[in-house]
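Notes for the structure review
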Amino acid sequence: MKRTKIALSLMLACVMGLSLTACSGGKLSPSKLAKAAKAVGAEEYEPEDFADEVDDIDSEKDFADYSDGIYTSGKIDDVKKALKANYIEVSTKNVKEATVFYFSDFNKKDYSAARCVAVSLTYEDKESAQDEYDEYAEDIEDEYKEVKSYYDKVSIDDGEDGYEYTINSIEDDSYVSYYGVYLDGKTMFIVWEYSSGNTDLSGMADSICEEMGIIAPSEA
């Protein structure tokens, strides 16, 4: 796992004063993710406040505070701290602008938990975006090989549908993990979700991908 602490780590905004930095078009763009986050009910935060919120999460019992999701957007100098926050940790090399989305939930009755992170990154050039995409896609392929014999259902898929993608779905009776990376020109999108215990809390990755009009990792 080169770029991500996969399975326990990993990811807005054409609104207000940040709109000038995140209005690049495209199905995977930071502005598109910001719009998707807003559509699912997430609250917009300033980048530093977003990072502080995520870094202050001490345990799964804090997850329910973010059951509607939070997001932030901006130029890389503004959102760099958010991309380095706990549970996110995404490389900022050659990135110009980004949107970051975080969601989590917790059910104290059965101690089930879920977390979802989504990130859209616009790079300085297509070569940088392609290099990063290839690293993440390799991570997904490596994880698939490592865990495919451990769970009831483990699937991987890649392809092109106006964008390049590699997605992975891991499902078991009490555990779900979805991970996907997507590429469109200079823009890369990452979405990751896991749930444990009662997996009824999962589904945010599907919601975000539906709003963005792209294939979800659960469809692998």
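The subject of this paragraph is the pairing of strand β2 (residues 70-75). Side-chain positions along a regular strand alternate between the two faces of the sheet. Counting buried residues in β2 gives 5 out of 6 residues, a clear majority hidden from the surface. Relative to β2, strand β1 (residues 43-44) is paired through 2 bridges, and the arrangement is parallel. Following the sheet pairing, Glu43 is matched in β2 by Ile70. Assessed by its sense of winding, the connection that carries the chain from β1 through helix α2 (residues 47-55) to β2 is right-handed. Of the strand pairs in this sheet, β2 and strand β3 (residues 95-107) are connected by 6 bridges, and their pairing is antiparallel. Bridge pairing links Tyr71 to Phe101 in β3.

Moving on, we come to the packing of helix α1 (residues 30-39) against helix α5 (residues 204-212). As a packed pair, α1 and α5 sit with axes 9 Å apart at the nearest point and diverge in direction by 125°. In this view, α1 runs oblique relative to α5, as classed from their interaxial angle. For the pair α1 and α5, the sense of crossing is right-handed. Touching Lys32, Leu33, Ala36, Ala37 and Ala39 of α1 are Ile208, Glu211 and Met212, all from α5.

Let us now look at the environment of Ala205. Turning to its location among the elements, Ala205 is positioned in helix α5. Among the residues examined, Ala205 registers a relative accessible area of 0% and is labelled buried. In this structure Ala205 touches Cys116, Val191 and Glu193, once residues within four positions along its chain are discounted.

We now examine the packing of aromatic side chains. Taken as a whole and judged by the stated rule, the model has 7 aromatic pairs. Seen in terms of ring centroids, Tyr66 and Tyr102 are 5.9 Å apart; in terms of plane orientation they differ by 80°. Their pairing is edge-to-face. Of the two residues, Tyr66 is situated in the loop between α2 and β2 and Tyr102 in strand β3; the sequence distance between them amounts to 36 residues. The same class applies to Tyr66 as to Tyr102, namely buried. Seen from their ring centres, Tyr165 and Tyr182 are 6.4 Å apart, and the 35° between their planes marks the pair as tilted. Placement of Tyr165 in strand β6 (residues 164-171) and of Tyr182 in strand β7 (residues 175-184) is noted, with a sequence separation of 17 residues between them. Note on Tyr165: relative accessible area 9%, which makes it buried.

Criteria and cut-off values
Residues numbered from 1 in each chain as written. Predicted model: local features only at pLDDT ≥ 70, side-chain atom pairs only at ≥ 80, totals over all residues. Heavy atoms only, no water. Buried < 20%, exposed > 50% of the residue type's maximum accessible area, 1.4 Å probe, protein only. Helix = DSSP H or I, 4+ residues; strand = E, 2+ residues; numbered from the N terminus. Pairing = 2+ DSSP bridges. Right-handed = clockwise from strand over helix to strand, strands pointing away. Axes fitted to C-alpha atoms, helices over the stretch in contact; angles between N-to-C directions. Parallel < 35°, antiparallel > 145°, perpendicular 65-115°, else oblique. Left-handed = near helix turned anticlockwise from the far one by under 90°. Contact = heavy atoms within 4.5 Å. Phe/Tyr/Trp six-rings, centres within 6.5 Å; stacked < 30°, edge-to-face > 60°.

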